[in-house]
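Structural characterization, general
One letter stands for each residue in the lines below.
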Amino acid sequence: MRSKDFGVIPGLSKKYPKETSLELFRRMCAIRYFEQGVIESVQAKYIDYLVYLSSGQEAIAAAMSVALQGFMIFAQHRCHGTYLAFGGTPAKLRDELLGMDTGTSRGRAGSNCVQCHENEVAMFGHHGLIGENVPLGVGAALGSNKPVVCFFGDGAAEEDYVFAAMGFAVTHRLPVIFVCEDNNLSILTKVDIRRSWSITHVARALGMPAVDITDDPWTILETAGQFKNTLPAFINIYTCRANWHAGVGVDGPPEWDRLSMVREELEKMGLSSQSEKIEKDIIAEMEKLWDKKHLQKL
Amino acid sequence: MGQKTLAETIKEITSDHLEQHNGLLLGESISAVGWVNNTVPNVKGIVELPMTDVAGAGIAVGAALVGRRPIFVIRFQDFLILNGSPLIFFAAKTKELHGKSAPVFVRAIASDGLGPVHSGVLHSIFMHFPGFRVCSPMTPNEYREIWETYMKNDDPMICSEHRLSYPNTQELSDITVENAHVTLYAISCTRFEAAKAVESLKIDGIRCNLVNILWLKPFDITDRLIQPLKESKLGLVIDPGHEIAGAARSIAYELNFAAECSVKALGLEDRTKCLCPPYKNMAPNAEIICKTVKEMLKKGE
Ligand SMILES: [Mg+2]
């Protein structure tokens, strides 16, 4: 089942305007290079606690942020990517990670609890209890009747309250899209060791459209675009965490690196000069943001 | 005659909230068996939750996040062990962490004599965690007061109700007497029993002050609370929850230090509340309160 090509719709990248494809890449780069700065700041001990990195999984946040404009966001604990892709200000996330008053939650929440209530983004902070955001998001949809996206991992998908909340969304026909960022790991334990069932089958049995796909951003964009008209709905997305569950360590190369794959696809589409410029500009922006000389002064 | 019971008062407040203020009320089996002891009106804005305790509480908190001021009804406080997670870990923390509140009003209903998981009084657990207001109103006016406090603030509130109080129409006043031997501080349903104990002890020549405790958290040591104790020099805090690490001991400790007087705690014995009569481990009644007071006075001689 799980693979880098699973459910990919061939030739889909060409269906979208090139600006959209480049924007997907830009958002993915913003996450990757922002977190490069986080990793170096942890190594240099400017950040002296465990961080939860989105690197490797960037395509989901990038594509969903393009597909789901105007949705209230209930992110999971691994949420830097969601924050940055949906339009959070990078400097405020940096300040949050540094525990500063100018951070997204005045430096009180930290890496796994990021919120954003500006730039027309309504992203509610997670507190670190996996899956907790799913009933909260469902309740927010019930209370406001506004569309909601809930992100959670393959581990959180196993929490009883997650699928109980999904069932409630079906009963009350709530406008919620449930997105499982399936990196096949709960800390280090793989899905097939933990369970014999599929959360996608559970979602379907509850009565909502549900599908497994891989984290090809165009496929995510296409699927979310279709599903957002038939909410509630569920998308399980295979993806690869590049770093440890918590912390900046690495356990060898990931199964695939979607950022490189998207870069190659853009090259095939004849967009390499534009994509190279995007990447270069983001690198420069993030290096400036995480400049050690600047950090020392903060 | 003509006075409203506490149950009717709750129903009236709820009706106004749902019909006039875009409120919501969520809970399990709300309409079944008499609309939660006739405290819930049959109006719009009621959400019947499936029997999913943890998710149900999360859904209520989510509705609070978007400004619906939900009333979350828990028919038996023991279920708070299941419902507690979204309340404790999210609703009570979000204001401090994110500056964004989730004001959910939790109607946590207690009973007695209904067995091991339907007779608990768990408000002390919620006193323990930061971020809640915790109260235990037993009269119509007290309920109006705590509701107003909830609506004026943006904190999640644990309203520890007791089924024994629902028919009550009377306001409960403190009792202070000259040269009291002891000051009783009573919480929740034990307030009715403490009032009986005061009368009974009087017959035996023991003079008692009785102070009613409505607010468990924040617990402000006001003159009303502390003055009777300073005069009697001896206090007893009575709570229907378990005594060990419970509300009675916590409040006794605070009073103890504030007044520099000896204050004892009386709660449930450290054993399960069984369904069958000899093993019910019921909340302290007038008889137990009297016995405890007499033992305290004997020791003090
Ligand atoms: Mg995982």
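Residues numbered from 1 in each chain as written. Chains lettered and ligands numbered in written order. Predicted model: local features only at pLDDT ≥ 70, side-chain atom pairs only at ≥ 80, totals over all residues. Heavy atoms only, no water.

Digging into the packing of aromatic side chains
Taken as a whole and judged by the stated rule, the model has 13 aromatic pairs over all chains. The ring of Trp197 of chain A carries Arg195 of chain A above its face, with NZ or CZ at 4.8 Å from the centroid. Above the plane of the ring of Phe76 of chain B lies Arg163 of chain B, whose end atom (NZ or CZ) is 4.5 Å from the centre. (Phe/Tyr/Trp six-rings, centres within 6.5 Å; stacked < 30°, edge-to-face > 60°. Lys NZ or Arg CZ within 6 Å of the ring centre and 35° of its normal.)

Re the pairing of strand β3 (residues 71–74) of chain B
Each regular strand shows side chains that alternate between the opposite faces of the sheet. Residue and element names in this part refer to chain B. Going residue by residue along β3, you find Ile71 and Val73 tucked away on one face and Phe72 and Ile74 tucked away on the opposite face as well. Taken together, the three bridges between strand β1 (residues 25–28) and β3 define a ladder with parallel strand orientation. Counted as the bridge partner of Gly27 is Val73 from β3. Two strands pair when backbone bridges link them, and β3 and strand β4 (residues 105–110) are joined in this way by four bridges, in the parallel orientation. Residue pairing across strands places Val73 opposite Arg107, the latter belonging to β4. Once the chain exits β3 it traverses helix α4 (residues 80–98) before rejoining the sheet at β4, and the crossover so formed is right-handed. (Buried < 20%, exposed > 50% of the residue type's maximum accessible area, 1.4 Å probe, protein only. Helix = DSSP H or I, 4+ residues; strand = E, 2+ residues; numbered from the N terminus. Pairing = 2+ DSSP bridges. Right-handed = clockwise from strand over helix to strand, strands pointing away.)

Topic: the sheet that holds strand β10 (residues 234–242) of chain B
For sheets, the rule is that strands pair by backbone hydrogen bonds, running either parallel or antiparallel. Residues and elements named next belong to chain B. Read across the sheet, four strands follow the order β8-β7-β10-β11 without closing on themselves; strand pairing throughout is parallel. If you trace the sheet from one side to the other, it starts and ends with β8 (208–213) and β11 (262–268), each paired once. Within the sheet, the average angular offset between the axes of one strand and its neighbour, ignoring direction, is 20°. One ladder, built from six bridges, connects strand β7 (residues 182–187) with β8; its direction is parallel. Bridge assignment links Ala186 to a residue of β8, and that residue is Asn212. Strands in contact with helix α8 (residues 223–232) are β7, β8, β10 and β11; relative to β7, the strand with the most contacts, it is inclined by about 145°. (Axes fitted to C-alpha atoms, helices over the stretch in contact; angles between N-to-C directions. Contact = heavy atoms within 4.5 Å.)

Quick notes on the pattern of salt bridges
Applying the stated criterion across every chain, the model contains 33 salt bridges over all chains. Linking Glu58 of chain A and Arg32 of chain A is a salt bridge whose minimum nitrogen-to-oxygen distance equals 2.5 Å. Here Arg32 of chain A lies in helix α1 (residues 18–43) and Glu58 of chain A lies in helix α2 (residues 58–67), a separation of 26 residues in the sequence. By the burial criterion, Glu58 of chain A is buried, and Arg32 of chain A matches it. In this structure, Lys4 of chain B engages Glu12 of chain B in a salt bridge whose closest nitrogen and oxygen atoms are separated by 3.1 Å. Assessed through its relative accessible area of 38%, Glu12 of chain B is described here as partly exposed. Taken together, the salt bridges that share partners define one network made up of Asp154, Glu158, Arg194 and Arg195 of chain A. (Salt bridge = Lys/Arg side-chain N within 4 Å of Asp/Glu carboxyl O.)

Observations regarding the packing of α1 of chain A against helix α11 (residues 272–289) of chain A
Residues and elements named next belong to chain A. The N-to-C vectors of α1 and α11 enclose an angle of 30°; their axes lie 9 Å apart at closest approach. Here α1 is positioned roughly parallel relative to α11, judged by the angle of their axes. Crossing of α1 against α11: the hand is right-handed. Here Lys18, Leu22, Phe25, Arg26, Cys29, Ala30, Tyr33 and Phe34 of α1 come into contact with α11, specifically with Gln274, Ser275, Ile278, Glu279, Ile282, Ile283, Met286 and Leu289. Classifying every residue of the contact of α1 with α11 by side-chain character gives eleven nonpolar, two polar and three charged. (Parallel < 35°, antiparallel > 145°, perpendicular 65-115°, else oblique. Left-handed = near helix turned anticlockwise from the far one by under 90°. Nonpolar A, V, L, I, M, F, W, Y, C, P; charged D, E, K, R; others polar.)

So, the sheet that holds strand β9 (residues 215–217) of chain B
Residue and element names in this part refer to chain B. Spatially, seven strands are ordered β2-β1-β3-β4-β6-β5-β9 in an open sheet, and the strand pairing comes out mixed. Edge strands, defined here as strands with exactly one partner in the open sheet, are β2 (46–49) and β9. Strand-to-strand, the axes of this sheet are offset by a mean angle of 20°, without reference to chain direction. Here six bridges tie β4 to strand β6 (residues 157–162), and the two strands are oriented parallel to one another.

Regarding the domain arrangement of chain B
Residue and element names in this part refer to chain B. When cut into domains, chain B gives domain 1 (6–165) and domain 2 (182–299). Computed over C-alpha atoms, the centres of domain 1 and domain 2 are 26 Å apart. Counting from both sides, the interface comprises 29 residues of domain 1 and, opposite them, 26 residues of domain 2. Taken over both partners, the interface formed by domain 1 and domain 2 buries close to 2,100 Å², and the fraction arising from carbon and sulfur atoms is 64%. Contact with domain 2 buries surface across domain 1, with Asp112, Met127 and Met138 losing the most and accounting together for 25% of the total. (Domains from an automatic or database assignment. Buried area = accessible area lost by both parts, 1.4 Å probe.)

Observations concerning the interface of chain A and chain B
The partner chain B presents 28 residues to the 28 residues of chain A that form the contact. It is His127, Leu136 and Phe168 of chain A in chain A that bury the most area against chain B; as a group they hold 28% of the surface buried on that side. If you look at where chain A meets chain B, you find zero salt bridges. Summed over the shared surface of chain A and chain B, the number is six residue pairs in polar contact (both at pLDDT 80 or more). Taken together, the elements giving at least two residues each to the side of chain A that touches chain B come down to β1 (72–74), α5 (133–144) and α6 (160–171) of chain A. Of all the elements, α5 of chain A adds the most residues to the side of chain A that touches chain B, at eight residues. Taken together, the residues of the side of chain A that touches chain B sort by class into 15 nonpolar, ten polar and three charged. (Polar contact = N/O pair within 3.5 Å; in protein donor to acceptor, adjacent residues only side chain to side chain.)

A look at the pairing of β7 of chain B
All names here are of chain B. Buried residues dominate β7, accounting for six of its six residues. Along β7, one buried face is formed by Val182, Leu184 and Ala186 and the opposite face, lined by Thr183, Tyr185 and Ile187, is buried too. One crossover worth recording links β7 to the parallel β8 by way of helix α7 (residues 190–203), and it is right-handed. The pairing of β7 with β10 spans four bridges and is classified as parallel.

Considerations on the confidence of the model for chain B
With 99% of its residues at a pLDDT of 70 or more, chain B has an overall mean of 96. Reported confidence for the predicted complex is 0.96 by ipTM and 0.97 by pTM. (pLDDT = per-residue confidence, 0-100.)

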